[in-house]
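This is what each chain is made of:
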Amino acid sequence: MAEFILNGRAASIDAEAEMPLLWVLRDVLGLTGTKFGCGIAQCGACTVHVDGEAQRACMLPLAAVAGRAVTTIEGLGAGGPHPVQQAWIAEDVPQCGYCQSGQIMAVVALLAREPRPDAATVAATVDNICRCGTYPRLLRAVTRAPELLTGKAG
Amino acid sequence: MAGDVSRRRFLAGAAALGALGIGFHWPPQAASGEEGELNAWLVVAADGSVTVRIAEAEMGQGVTTALAMIVAEELECDWRGVRTEFASVNRNHRDGRPYGRMLTGGFCSVRGGRAGLHRAAAEARERLVAAAAARWGVPAASCRAEQGFVRHAGSGRQLGYGELAKAAARPPVREPPLKSPAEYRLLGRPLARLDTPAKVDGSALYGIDVRLPGMLYAAIAHCPVVGGTLERFDEAEALRRPGVAAIVEVAGALAAVADNWWRANEALAAVRVTWREGDNAKLDSGVLRDRFRAELASNGELACERGDFAAAMAVASRRLEVLYEMPFLAHAAMEPMNATAWVTEDRVDVWLGTQSPDRVAAAASRLTALNLDRIHVHQCYLGGTDAGVGDGFGRRFESDCAEQAIALSKRFARPVKVLWSREQDMRNDFYRPMSTVACNAGLDA
Ligand code: FES
Ligand code: FES
């Protein structure tokens, strides 16, 4: 039994301690916005936040999130689109869209630490794979997001 | 069992998290005879919003938006009220193939479908105009369609499409006039994609996201050698793992079936399995490379020769001999291969992202001996199919994974989702062909 906070609510899951969070989210809880791409922490499609930090859920055992706060793409936009999602919409970033939940979660975590990252920092930090090659638009959206974030704050 | 979340708690938890909205209707709504349906391509709701049916697969190319733009343009409706849904494959079989061959590839979704969509939308528009004219008792020629309304110039009266849709469901207009490009409001303008909001909030439904009541999950191991089959396996240990329902053979591969995919995949690793590898066991990259080089030398085809090659080479000051070698390459779609099937006595439903729903339907019919009118293939978004690989043929033209799901659902009489691990996906592709190309060139300076 693992208890943690999921998207702002208490969750209590009765499953193997070593079951990766990704499959707890997708198969046990039905939160399918977090995607499976590789299962070995290489592609980033499964990125979620654990206590605000970007983590790849496919290799994160359930036990490791006990007592912590997990946010998924569903939780991110729960109160209307998050500024980063708005920037994504404004720049029309997704193509097939499959990697985008993970990209957005990775970018939100980065911007929380570093509000105006340069292109090199984005490339180094958000190393999620996009098979469609949306990187240039992603970068444009990341540049636009801080304005939206500040707009929201002000 | 101890590791199980009780079904009631599971549902309550899922509902609390807002996770039960699964993007398709069950049971599926009747595809034809639907209120406000003007023809197979479009439905006008009472509030005037328009649903455009998309008969192509969306795998990143933006086809739902492109095709909806064509319909909205010719229909003269308000773009802000346009949404899309995937066209019914079942209806296509029952209804004289209004969507033609449902096949996505070769970069021809817009080029191939455009003429038909213009006609279908123009035809619907003309019927809306005729319905308004009839209601007002004026000639249709004195009315015009504009941005979701039919307007009568003489009296200034207008009616919204939503108010006219029911009355417009009349026999088709034979040769509807098409708008001239000079009148276009949408086509040729860059518009925001309609599918972006769903692709940034996690709600877009890919094949891998489909969930059905009582669904089982299957992980698959194929013979590590292409063309090999299963010889025998010992599943005793795997069956002792939590949540595992069965370990079975499916079409020469091994399937572990459990109550979630991770448990299935873990169980698979616990099966002791012996493969019949077959002749390809001796084949490896080195053997292939040598064979291709030998073939090139003895049998290679001349693809291109420019100038007087022999004469120029004889006097060239610099000669280049380059060998280009491309290995077999997997499509490596971001979304690993998957399909979900639900086989009952008189009906088959298959959910997946597919470039060839017709092929999936044919396979379902063959495997269950049910007629095509009993087969329902539900198109989902495709994750990173890379339609651009080589010749434009994508991995999701094939029905192999769907066939596994259908066979397993039939066997267990429950919905089954088959998902391949990334490793299985890479090792069991329909690979882009290997090639060896020699280029000899002479430079005169
Ligand atoms: S699925 Fe987790 S990183 Fe690829
Ligand atoms: S948008 Fe297709 S993989 Fe990134």
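Residues numbered from 1 in each chain as written. Chains lettered and ligands numbered in written order. Predicted model: local features only at pLDDT ≥ 70, side-chain atom pairs only at ≥ 80, totals over all residues. Heavy atoms only, no water.

So, on to the sheet that holds strand β3 (residues 47-50) of chain A. All names here are of chain A. With respect to topology, 5 strands assemble into an open sheet ordered β2-β1-β5-β3-β4, the strand pairing being mixed. In this open sheet, the two edge strands, each paired with only one partner strand, are β2 (9-13) and β4 (53-56). For this sheet, the mean angle separating the axes of adjacent strands, direction not counted, is 40°. The pairing of strand β1 (residues 2-6) with strand β5 (residues 69-71) spans 2 bridges and is parallel. In the strand pairing of β5, Leu6 is matched with Val70. Sitting on the sheet, helix α4 (residues 100-113) touches β3, β4 and β5, and the angle it makes with β3 is about 40°. (Pairing = 2+ DSSP bridges. Helix = DSSP H or I, 4+ residues; strand = E, 2+ residues; numbered from the N terminus. Axes fitted to C-alpha atoms, helices over the stretch in contact; angles between N-to-C directions. Contact = heavy atoms within 4.5 Å.)

Time to look at unusual backbone geometry. Look at Arg97(B): it is not a glycine, yet its phi comes out positive at around 50°. With a relative accessible area of 35%, Arg97(B) lands in the partly exposed category. (Buried < 20%, exposed > 50% of the residue type's maximum accessible area, 1.4 Å probe, protein only.)

It is worth spelling out the pairing of strand β5 (residues 143-146) of chain B at this point. Remember that side chains alternate between the two faces of the sheet whenever the strand is regular. Residue and element names in this part refer to chain B. The side-chain alternation of β5 yields one buried face, formed by Cys143 and Ala145, and one unburied face, formed by Arg144 and Glu146. Bridge analysis of β5 against strand β6 (residues 149-152) gives 4 bridges, and the strand direction is antiparallel. Across the sheet, residue Ala145 finds its bridge partner in β6, namely Val150. As consecutive antiparallel partners, β5 and β6 are separated by 2 residues, and within that stretch Gln147 has a phi angle of approximately 50°, a positive value.

A few words on a nonpolar patch on the surface. Residue and element names in this part refer to chain B. A cluster of nonpolar side chains, Leu320, Val322, Tyr324, Val437 and Leu443, forms an exposed patch at the surface whose accessible area comes to about 380 Å². Of all the elements in the fold, those that place two or more residues in the nonpolar patch are β13 (318-326) and β18 (435-443). Counting residues per element, the nonpolar patch draws most heavily on β13, at 3 residues. As for its placement among the helices and strands, Leu320 is situated in strand β13. On the basis of relative accessibility, which here comes to 32%, the residue Leu320 falls in the partly exposed class. (Patch = residues over 30% accessible without salt bridge, like charges linked within 9 Å, V, L, I, M, F, W, Y side chains within 5 Å. Areas by Shrake-Rupley, 256 points an atom, 1.4 Å probe, with all protein chains shown as cover. Salt bridge = Lys/Arg side-chain N within 4 Å of Asp/Glu carboxyl O.)

Glancing now at the packing of aromatic side chains. Applying the stated criterion across every chain, the model contains 8 aromatic pairs over all chains. Considering the side-chain rings of Tyr98(A) and Tyr206(B), the 5.3 Å spacing of their centres and the 85° angle between planes classify their relative orientation as edge-to-face. Taken together, the residues span two chains, with Tyr98(A) in the loop between α3 (83-91) and α4 and Tyr206(B) in the loop between α6 (196-200) and β8 (216-221). Grouping residues by exposure puts Tyr98(A) and Tyr206(B) together as buried. Here Tyr206(B) and Tyr381(B) contribute two aromatic rings whose centre-to-centre distance is 5.8 Å and whose plane-to-plane angle is 50°, an arrangement assigned as tilted. Residue Tyr206(B) is located in the loop between α6 and β8, and its partner Tyr381(B) is located in the loop between β16 (375-379) and α12 (400-412); the two are separated by 175 residues in the primary sequence. For the pair Tyr206(B) and Tyr381(B), a shared accessibility class is recorded, and that class is buried. These aromatic residues form a ring-pair network of at least three members: Tyr98(A), Phe86(B), Tyr206(B) and Tyr381(B). (Phe/Tyr/Trp six-rings, centres within 6.5 Å; stacked < 30°, edge-to-face > 60°.)

Turning next to the domain arrangement of chain B. Residues and elements named next belong to chain B. By the assigned domains, chain B splits into domain 1 (7-201) and domain 2 (207-279 + 332-427). Of the roughly 2,300 Å² buried where domain 1 meets domain 2, counting both sides, 66% is carbon and sulfur surface. Taken together, domain 1 and domain 2 are joined by 1 salt bridge. Across the pair Asp358 and Arg97 runs a salt bridge, and its minimum N-O distance is 2.8 Å. At the junction of domain 1 with domain 2, the criterion picks out 6 residue pairs in polar contact (both at pLDDT 80 or more). Of all the secondary structure elements, the ones that give two or more residues to the side of domain 1 that touches domain 2 are α1 (7-16) and α3 (89-94). (Domains from an automatic or database assignment. Buried area = accessible area lost by both parts, 1.4 Å probe. Polar contact = N/O pair within 3.5 Å; in protein donor to acceptor, adjacent residues only side chain to side chain.)

Right, let's get into the domain arrangement of chain A. Residue and element names in this part refer to chain A. As assigned here, chain A comprises domain 1 (2-76) and domain 2 (83-150). Of note, the centres of domain 1 and domain 2, computed from C-alpha atoms alone, are 20 Å apart. Contacts between domain 1 and domain 2 engage 18 residues on the former and 13 residues on the latter. Each partner contributes to the roughly 1,300 Å² buried at the junction of domain 1 and domain 2, and carbon and sulfur atoms together form 59% of this total.

Here we come to the interface of chain A and chain B. Taken together, the contact pairs 43 residues of chain A with 49 residues of chain B. Between chain A and chain B, the buried area comes to about 3,600 Å², and carbon and sulfur atoms account for 58% of it. Among the residues chain A hides against chain B, the three largest losses belong to Asp27(A), Tyr98(A) and Arg131(A). Together they make up 18% of the total. Remark: the boundary between chain A and chain B carries 3 salt bridges. A salt bridge links Glu16(A) to Arg263(B); its shortest N-O distance comes to 2.8 Å. In this assembly, chain A and chain B are joined by 19 residue pairs in polar contact (both at pLDDT 80 or more). At the level of secondary structure, the elements contributing two or more residues to the side of chain A that touches chain B comprise β2, α1 (21-28), α2 (73-76), α3 and α4 of chain A. At 4 residues, α1(A) tops the list of elements feeding residues into the side of chain A that touches chain B. Broken down by class, the residue content of the side of chain A that touches chain B amounts to 23 nonpolar, 10 polar and 10 charged. (Nonpolar A, V, L, I, M, F, W, Y, C, P; charged D, E, K, R; others polar.)

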